[in-house]
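Observations on the three-dimensional arrangement
The residues making up each chain are set out below.
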Protein chains: 4
Amino acid sequence: MNSHGGLEPVPRRSTAALIADQLRSAIMYGHLAPGDQLGETDLAAQLGVSRGPLREAMQRLVQEGLLRSERHRGLFVRELEAEDVRDIYVARLAVERASCELVMRGNRGEALARLTASLEELVQAAETGDRTAMSDADQAFHQTLVSCSGNRRLERMAQTLLVETRMCLTVMQDVYPEAAELVDEHRKLLDAITEGDEKQLLNLIESHMLDTVDRINTTGPAAIRRSTSAQN
Amino acid sequence: MNSHGGLEPVPRRSTAALIADQLRSAIMYGHLAPGDQLGETDLAAQLGVSRGPLREAMQRLVQEGLLRSERHRGLFVRELEAEDVRDIYVARLAVERASCELVMRGNRGEALARLTASLEELVQAAETGDRTAMSDADQAFHQTLVSCSGNRRLERMAQTLLVETRMCLTVMQDVYPEAAELVDEHRKLLDAITEGDEKQLLNLIESHMLDTVDRINTTGPAAIRRSTSAQN
Amino acid sequence: MNSHGGLEPVPRRSTAALIADQLRSAIMYGHLAPGDQLGETDLAAQLGVSRGPLREAMQRLVQEGLLRSERHRGLFVRELEAEDVRDIYVARLAVERASCELVMRGNRGEALARLTASLEELVQAAETGDRTAMSDADQAFHQTLVSCSGNRRLERMAQTLLVETRMCLTVMQDVYPEAAELVDEHRKLLDAITEGDEKQLLNLIESHMLDTVDRINTTGPAAIRRSTSAQN
Amino acid sequence: MNSHGGLEPVPRRSTAALIADQLRSAIMYGHLAPGDQLGETDLAAQLGVSRGPLREAMQRLVQEGLLRSERHRGLFVRELEAEDVRDIYVARLAVERASCELVMRGNRGEALARLTASLEELVQAAETGDRTAMSDADQAFHQTLVSCSGNRRLERMAQTLLVETRMCLTVMQDVYPEAAELVDEHRKLLDAITEGDEKQLLNLIESHMLDTVDRINTTGPAAIRRSTSAQN
DNA sequence: GTGGTCTAGACCACT
DNA sequence: GTGGTCTAGACCACG
């Protein structure tokens, strides 16, 4: 915090980075829906920037895979097929599994502190019943988990994957688990970290990811689920 | 909030404004103490900016009166005399009294909502006993009050005055009221707004300001207190 | 006065402060009109200074609120909406009301002497019929009034507000009162101070401010006027 | 292949994407070395494009983390610390481990065919002793491995990580293994896939990654290695 | 292409 | 030596 710690460098991010954040946010919350075209004139006006930095920001999202570029047609929000949903969760599993391993062998204390706070947010969101707040807290929990790994590259990968996860959830809201279950699953993850039970933690994170895939698509992903579980 | 509201213009403040905020904060929390010289080379390095924008930011604070300029010597954090303390609170009284009047005749509903939230923060801070948090909440309450007036000029004046108030408090910590009393005084202010009792509100805000002056300096300010009270 | 030969310290104010004064003057007299962009290259050439100090001076005016900064676009003279006019006069009322109170309980003798001189200037200006001279004298009267309060912070606030007042007047010249009325209103203020009638003084200063608002905007502000008057 | 005469859609990728490829290549081969500044005027001239698309391409690489942006200074090739090297290999391990799992449970036949071809390239490069060719073949092998997973997101992550791996190797050439060892390690990976021994494959890929980290930094990472191995 | 913004480096004045 | 001042040059954004 700057509030009590004295003088810190002023945080100055480039305009393109700020715009990219705005766009990522808009995609995440479904304000820009899959398939939507991003008209640069309109967007530039809405964001209060000129087209140059806007185009640069959009290229960032193209690189991330959140936007799709059609030459001489424009840029569109990427549409997710069933196959993508599976890919996303499998990739998340890879990233978060590695993060879990690093957390268990790294600064577990810091992780516990930060994740306990994140869980608290999730509990509060669950109490209000606000689905968006719950999703926000869910996402924040996982972002914190990966952040605790201390591996910047895993963090960057997770950022994009979590936005894509939100895109899935926004479209198919019925697959989102009940509040109680959501809190419970995350609490179990935190418990495993507390107890230092790495094997248990890895099993839980795997279930956490693959159960969702199952919930969304009951054919095929089941196979993935079974075989992947077999590895332990 | 950007979180749920779709696309908003990206907030892009000038570097000088950001630096000014940092410096104001540092002065407010006493990290830059009254009388300290602001070496531009060091500061620029600490803040990660070059001397140009830093100098521009410092000129902003000179204009505000938080810094004092000595030609060819440098810039120093303004030192507050006893006289200044009285001036600050009298000026705050002028600003906040006007704000109170505007609030009572303006959108009282919005004011009630925002101030209730601010009071809640103050209560929580009081519970923890964290003096800095209490001061933060105290300051935020008054900033909100003036903000509810809808008068930008009063807001700008209040900003500087509140920073100066913090400088006073940082130096003379013993004059700060007990947690219970602090909460109580603010709750009374809120009550008066709730009940629409303007006369009562003005009396309270006046006591709130002048009591502090009395607490700091028991001679002279008493006279101010008495005569000013006589106006109603 | 310095002219009688006594050696006084050279008033070596910083270059930025001198430039800021020049700019403030130019804005006040409408030489730099609301909405005008301040091209730094041109201005630097005209003022015979380099861009560095000029930029520092301009940041002072940004802090005062006389200039508006658009990132990567430049600095512009602030444009005043009808809302701003009301805000300015309400803020002036807050500052001058507090000043009046301090004057009545402070060194009333000095105030009488200085304000009598100021009134004399106003009378002379009124006789010539020079509107600019009248505005200058009007402004000087109020600056003196606040200065007599002995409160530096009120003085600083008043300085900016008076410049903004001039901006209003420059734009809408037709609202400025007749010479006779102008002199009369100020004479009444002085009379109330002479007689030590604080209540009367406060009523007069309030009318003095709010009548102008009414004159500029006859719809809505009337309501403000009425309700505000009700406070006494 | 396209050479047999069938008409295929022209791969009309956007200009920004093509430029990004060029830049990525230049960074990978060390033509643009870590710490180098990318002057946009010069680069635009060298690449025969205008600054617009070039800037868009560079923003893609910023997003990937290959470039670092310093506001109002320019863009620089990211410099890799020892910490980064470890992060890169740990992240690669996460991605390639997941890919291995998917390959073993997916179309193993196609993987075998493609990886056998890749290994052959590596053998030939080893025979010539050309270090660049060896690195190219090494990289291609792993790219193929991840590609066989059929997970686009893992592929995208791997792309950046492999470029970063090359940056490491370009800087510290002495850590690169002997030709014979390099071929041997990859042949063992292929063997494990042929035999369908998933457990063995995962052990091998883990050693493949972490041995390199050990080779680069012999202190500390050893601990990482040991504990990570403990997971199986 | 123009102009705003920031950085870097040099010179001068004061302590 | 340090701060005050100015110039040169590059990046950044807008039209």
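Residues numbered from 1 in each chain as written. Chains lettered and ligands numbered in written order. Predicted model: local features only at pLDDT ≥ 70, side-chain atom pairs only at ≥ 80, totals over all residues. Heavy atoms only, no water.

Structural notes on the pairing of strand 1 (residues 67-70) of chain B
Residue and element names in this part refer to chain B. Relative to strand 2 (residues 74-77), strand 1 runs antiparallel, the two sharing four bridges. The residue bridging Leu-67 from the neighbouring strand is Val-77, located in strand 2. Joining the antiparallel neighbours strand 1 and strand 2 is a turn of three residues, in which His-72 adopts a positive phi near 60 degrees. (Pairing = 2+ DSSP bridges. Helix = DSSP H or I, 4+ residues; strand = E, 2+ residues; numbered from the N terminus.)

A look at the protein's contact with DNA strand E
Near DNA strand E you find 20 residues, and of these Thr15(B), Ser50(B), Arg51(C), Arg73(C) and Arg73(D) are the closest. Close to the protein, within 4 Å, the atoms of DNA strand E belong to sugar or phosphate groups at a rate of 81%. The separation between a phosphate oxygen of DNA strand E and a polar side-chain atom of Arg12(A) is 3.2 Å. Going through the elements one at a time, helix 4 (51-64) of chain B together with helix 3 (51-64) of chain C are the ones with two or more residues in the surface near DNA strand E. Taken together, the residues of the surface near DNA strand E sort by class into two nonpolar, eight polar and 10 charged. (Near = heavy atom within 4 Å. Polar contact = N/O pair within 3.5 Å; in protein donor to acceptor, adjacent residues only side chain to side chain. Nonpolar A, V, L, I, M, F, W, Y, C, P; charged D, E, K, R; others polar.)

Here's the deal with the interface of chain A and chain B
The interface is formed by 28 residues belonging to chain A together with 27 residues belonging to chain B. For the pairing of chain A and chain B, the buried interface totals around 2,200 Å² over both sides, and the portion due to carbon and sulfur atoms is 61%. Among the residues of chain A in contact with chain B, Leu7(A), Val10(A) and Gln22(A) are the three that bury the most area, contributing 29% of the side total. Across the contact surface, chain A and chain B share zero salt bridges. Counting across the chain A and chain B interface gives four residue pairs in polar contact (both at pLDDT 80 or more). Among the secondary structure elements, those contributing two or more residues to the side of chain A that touches chain B are helix 1 (2-5), helix 2 (15-28), helix 3 (40-47) and helix 7 (131-148) of chain A. Broken down by element, the side of chain A that touches chain B gets its largest block of residues, seven residues, from helix 2 of chain A. Of the residues assigned to the side of chain A that touches chain B, the class counts are 13 nonpolar, 12 polar and three charged. (Contact = heavy atoms within 4.5 Å. Buried area = accessible area lost by both parts, 1.4 Å probe. Salt bridge = Lys/Arg side-chain N within 4 Å of Asp/Glu carboxyl O.)

Notes on the relation of the copies chain A and chain B
Here the two chain copies are tied together by a rotation about an axis and a shift along that axis. In the superposition of chain A on chain B (RMSD 0.1 Å, axial shift 0.1 Å), the rotation amounts to 179 degrees. On this basis, the relationship between the two copies can be described by a two-fold rotation axis. It is Arg12(A) whose C-alpha, among those of chain A, lies nearest the rotation axis, at 4.9 Å. A symmetric contact is evident, with 96% of the interface residues of chain A recurring at the interface of chain B. (Least-squares fit on C-alpha atoms with pLDDT ≥ 70 in both.)

Description of helix 9 (residues 198-216) of chain C
Helical geometry note: an α-helix holds 3.6 residues per turn, so side chains three or four residues apart project in the same direction. Residue and element names in this part refer to chain C. Its 19 residues place the ends of helix 9 28 Å apart at the C-alpha level, agreeing with the 27 Å of an ideal helix rising 1.5 Å per residue. Those residues of helix 9 not exposed but buried are Glu-198, Leu-201, Leu-202, Leu-204, Ile-205, Glu-206, His-208, Met-209, Leu-210, Thr-212 and Val-213. A side-chain oxygen of the first residue of helix 9 lies 3.4 Å from the backbone nitrogen of Lys-199; this N-cap is Asp-197. (Expected span 1.5 Å × (residues − 1). Buried < 20%, exposed > 50% of the residue type's maximum accessible area, 1.4 Å probe, protein only.)

Re the relation of the copies chain A and chain D
Take chain A, turn it by 180 degrees, move it 0.0 Å along the axis, and it overlays chain D with an RMSD of 0.1 Å. Interface overlap between copies: 98% of the residues of chain A at the interface are likewise at the interface in chain D, consistent with a symmetric, same-surface contact.

A few points about the interface of chain A and chain D
Taken residue by residue, the interface counts 46 residues in chain A and 45 residues in chain D. In this assembly, chain A packs against chain D so that about 3,800 Å² is buried in total across both faces, 45% of it on carbon and sulfur atoms. Contact with chain D buries surface across chain A, with Gln63(A), Arg71(A) and Arg153(A) losing the most and accounting together for 20% of the total. Counting across the chain A and chain D interface gives eight salt bridges. Across the salt bridge formed by Arg55(A) and Glu56(D), the nearest N and O atoms sit 2.6 Å from each other. Taken together, the links from chain A to chain D amount to 18 residue pairs in polar contact (both at pLDDT 80 or more).

Describing the domain arrangement of chain A
Residues and elements named next belong to chain A. Here chain A is partitioned into domain 1 (15-77) and domain 2 (82-222). Look at where the C-alpha atoms of domain 1 and domain 2 centre, and you get two points 27 Å apart. Between domain 1 and domain 2, the residue contacts involve 10 residues of the former and 11 residues of the latter. Taking both partners together, domain 1 and domain 2 bury about 890 Å²; carbon and sulfur atoms supply 66% of that area. Of all residues in domain 1, the largest losses of buried area upon contact with domain 2 belong to Met-28, Tyr-29 and Leu-66, amounting jointly to 55% of the total for that side. For the pair domain 1 and domain 2, the number of links is zero salt bridges. Our enumeration of links across domain 1 and domain 2 arrives at three residue pairs in polar contact (both at pLDDT 80 or more). Broken down by element, the residue count for the side of domain 1 that touches domain 2 peaks at three residues, all from helix 2. Here the residues of the side of domain 1 that touches domain 2 are counted per class, giving six nonpolar, two polar and two charged. (Domains from an automatic or database assignment.)

Considerations on the confidence of the model for chain A
All names here are of chain A. Looking at chain A as a whole, the pLDDT averages 88, with 90% of positions reaching at least 70. In this model residues 1-5 is a low-confidence stretch, pLDDT under 50, and it forms nine contacts with partners more than four residues away in sequence or in other chains. Here residues 219-232 is a poorly scored stretch, pLDDT under 50, and it has 23 contacts once near neighbours within four places are set aside; other chains count. (pLDDT = per-residue confidence, 0-100.)

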